[in-house]
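The residues making up each chain are set out below.
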Amino acid sequence: CQRQQGLQYTTQIPENFIVLFKKISGLQFFHTQNCRFPIDILSLDSSGVVLSIWTVDPEQNLVGPTPIGTQAVLESHAGWAIKNSIKVGDNLSFLVKE
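Position numbers for residues count from 1 along each chain, tracking the sequence in the order it is written. Residues qualify for local features only when their pLDDT is at least 70, as the model is predicted, and side-chain atom pairs are given and counted only at 80 or more; totals for whole chains, interfaces and linings, by contrast, use all residues. As a rule here, side-chain values come from all non-hydrogen atoms in the structure, and water together with hydrogens is ignored.

Draft legend 1. Layout of the pattern of salt bridges. Just to be clear on terms, a salt bridge is a Lys or Arg side-chain nitrogen sitting within 4 Å of an Asp or Glu carboxyl oxygen. For the coordinates displayed, the defined rule picks out two salt bridges. When the shortest N-O distance is used, the salt bridge between glutamate 15 and lysine 83 registers 1.9 Å. Of this pair, glutamate 15 sits in the loop between α1 (2–5) and β1 (18–22) while lysine 83 sits in helix α2 (residues 80–83), and the two are 68 residues apart along the sequence. As a salt-bridge pair, lysine 87 and aspartate 90 come within 3.4 Å of each other at their nearest N and O atoms. Think of it in three bands: with a 1.4 Å probe and only protein chains considered, a residue is buried below 20% of the maximum accessible area for its type, exposed above 50%, and partly exposed in between. The class of lysine 87 is exposed, set by a relative accessible area of 52%. Numbering of helices and strands runs from the N terminus, with a helix taken as a DSSP run of H or I at least four residues long and a strand as a DSSP run of E at least two residues long.

Here's what the structure looks like:
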């Protein structure tokens, strides 16, 4: 249930807070219905390489689809990726290690 909910109904999160969802496949769509603030959504492959980055406002539908090869999705405040100089192709392997 929490995996499907994501950041819905959350009113605030700490500045450097991230939510990581593992076992997400490619060609999935996301939405920001019931989100209270804009968020970044990053898709990662099994090695932690960033495959895509979306910055989306609340109440958006059909964000995506995640690229083929996606294995995890990260969500945080809008601008988190830019603030941390993260771009497509960067490796965040420390996040996806089992």
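Draft legend 2. Seen up close, the environment of aspartate 57. By the element assignment, aspartate 57 lies in the loop between β3 (50–56) and β4 (72–77). A relative accessible area of 47% means that aspartate 57 is categorised as partly exposed. Placed 25 residues apart in sequence, aspartate 57 and isoleucine 82 show a C-alpha to C-alpha distance of 16 Å.

Draft legend 3. Quick look at the nonpolar core. Buried residues of nine kinds, namely Ala, Val, Leu, Ile, Met, Phe, Trp, Tyr and Cys, make up a nonpolar core once their side-chain atoms join them within 4.5 Å. Core analysis: the biggest nonpolar cluster contains 13 residues, and Leu7, Phe30, Ile39, Ile41, Val56 and Val63 have the highest contact counts within it. At the level of secondary structure, the elements contributing two or more residues to this core comprise β1, β2 (39–44) and β3. Contact definition: two residues touch when any of their heavy atoms are within 4.5 Å. Residue contacts for isoleucine 39: discarding those within four places in its chain leaves Leu7, Thr32, Trp54, Thr55, Val56, Glu75, Ser76, His77 and Ala78. Counting 11 residues, the second-largest nonpolar core is a separate cluster that includes Val50, Leu74, Ile86 and Leu92.

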